[in-house]
Amino acid sequence: MSPAGTAGGASGSGIDTPAVRRVRAALADLGAPHEVVALSASARTAAEAAESLGVPLGAIVKSLVFLAGGEPVMALVAGDRRCVPESLPEVLGMAGPVEKADAEAVRAATGFTIGAVAPVAHATVLPIAIDASLGRFDAVYAAAGHPHCVFRTSLDELRRMTPGVVSEAISA
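Keep in mind that this is a model prediction, so the values were computed, not measured. (Residues numbered from 1 in each chain as written. Predicted model: local features only at pLDDT ≥ 70, side-chain atom pairs only at ≥ 80, totals over all residues. Heavy atoms only, no water.)

A. Broad picture of the packing of aromatic side chains. Counted under the stated rule, the structure contains 0 aromatic pairs. Between the NZ or CZ atom of Arg-22 and the centre of the ring of Phe-112, over which it lies, the distance is 4.3 Å. (Phe/Tyr/Trp six-rings, centres within 6.5 Å; stacked < 30°, edge-to-face > 60°. Lys NZ or Arg CZ within 6 Å of the ring centre and 35° of its normal.)

Printed below as a string of structure tokens:
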């Protein structure tokens, strides 16, 4: 399938919601060259996004929020990999047990709902760990604030646009 439209198009796709506008503004401020794209189908899961874009599952960036020692942290993980949450405190220089954040904690920390969490434009500054395996792809796709919206990026751009630490230890 091909994208339904880009910024300014795809009526009813979520492309003009406040959350997507926030992501678009952040990308512009960060000098990111790619536009937010509205897909004709949901990209709420990595598998849905990969199918909609016609790309390998690993080229989808999963933005996962955890609590490490009670503090929200984010892991940006390739769609075909599993996050290793117990590695996050060491990678991020933190301490404490790690648990998956619930929907309320995700929204409070990021300003986004689960299934639409972008790696940028968060409500709070989050420590971020980035899966080194995303480097297998020239282009990867991340959520852009709405379940139908994504943007193209790369491992190098994610590293530049976020306070992220690239690590091989956060995924398996």
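What follows continues from the structure just given.
B. Here's a closer look at the pairing of strand 3 (residues 60-68). The element strand 3 is extensively covered by neighbouring structure, given that 7 of its 9 residues are classed as buried. Pairing between strand 3 and strand 7 (residues 140-143): 2 bridges, direction parallel. Of the residues in strand 7, the one forming a bridge with Val-61 is Ala-142. Here 8 bridges tie strand 3 to strand 4 (residues 71-78), and the two strands are oriented antiparallel to one another. In the sheet register, Ser-63 faces strand 4, and the bridge partner there is Leu-76. (Buried < 20%, exposed > 50% of the residue type's maximum accessible area, 1.4 Å probe, protein only. Helix = DSSP H or I, 4+ residues; strand = E, 2+ residues; numbered from the N terminus. Pairing = 2+ DSSP bridges.)

C. Spotlight on the environment of Asp-102. With respect to the helices and strands, Asp-102 occurs in the loop between strand 5 (98-100) and helix 4 (103-110). Residues Asp-102 and Phe-66, 36 residues apart in the sequence, show an inter-C-alpha distance of 8.4 Å. One polar contact links the side chain of Asp-102 to the main-chain amide nitrogen of Ala-105, over a distance of 2.8 Å. (Polar contact = N/O pair within 3.5 Å; in protein donor to acceptor, adjacent residues only side chain to side chain.)

D. Representation of the environment of Lys-62. Relative to the elements of secondary structure, Lys-62 occurs in strand 3. With a relative accessible area of 22%, Lys-62 lands in the partly exposed category. C-alpha of Lys-62 to C-alpha of Thr-45: the two residues are 17 residues apart in sequence and 8.1 Å apart in space. With residues near it in sequence (within four places) discarded, Lys-62 still touches Ala-46, Ala-75, Leu-76, Val-77, Ala-78, Gly-79 and Arg-81. (Contact = heavy atoms within 4.5 Å.)

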